[in-house]
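# Examining the three-dimensional arrangement
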Amino acid sequence: MSSTTTFTNPSQLLPLELVDKCIGSRIHIIMKNDKEIVGVLLGFDDYFSTSFHYTDQQLL
């Protein structure tokens, strides 16, 4: 009996899969209007509404 291990290449992840893997991690987002959001990603929904913990908002 042989076992097969499947590895996912991070460059082949879909964008939502990548964001899903970031849940619980500290992330840094730079918006188009130069607003920055830094915090721990708690989750997101189908409309990409996000939920953060300990968020800092900064303007450049």
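A quick note: this is a predicted structure, and the numbers were derived from the prediction, not measured. (Residues numbered from 1 in each chain as written. Predicted model: local features only at pLDDT ≥ 70, side-chain atom pairs only at ≥ 80, totals over all residues. Heavy atoms only, no water.)

## Brief notes about the overall build of the protein
A count of helices and strands for the protein gives one helix and three strands. Seen in sequence order, the protein has helices and strands lined up from the N terminus as α-β-β-β. Of all 60 residues assigned to the protein, the portion counted as buried reaches 15%. Accessible area of the protein: about 5300 Å², with a carbon and sulfur share of 55%. (Helix = DSSP H or I, 4+ residues; strand = E, 2+ residues; numbered from the N terminus. Buried < 20%, exposed > 50% of the residue type's maximum accessible area, 1.4 Å probe, protein only. Areas by Shrake-Rupley, 256 points an atom, 1.4 Å probe, with all protein chains shown as cover.)

## Some remarks on unusual backbone geometry
Positive phi values are uncommon outside glycine, yet Asp 34 reaches one of about 70°. On the secondary structure map, Asp 34 appears in the loop between β1 (26-30) and β2 (35-44).

## Describing the UniProt feature "domain: Sm" (unreviewed entry) in the protein
What UniProt calls "domain: Sm" (unreviewed entry) maps, in this numbering, to residues 18-48. End-to-end, the C-alpha atoms of residues 18-48 are 13 Å apart, and along that stretch the chain is 13% helix and 48% strand. (UniProt positions renumbered as here; feature names shortened; annotations may be inferred.)

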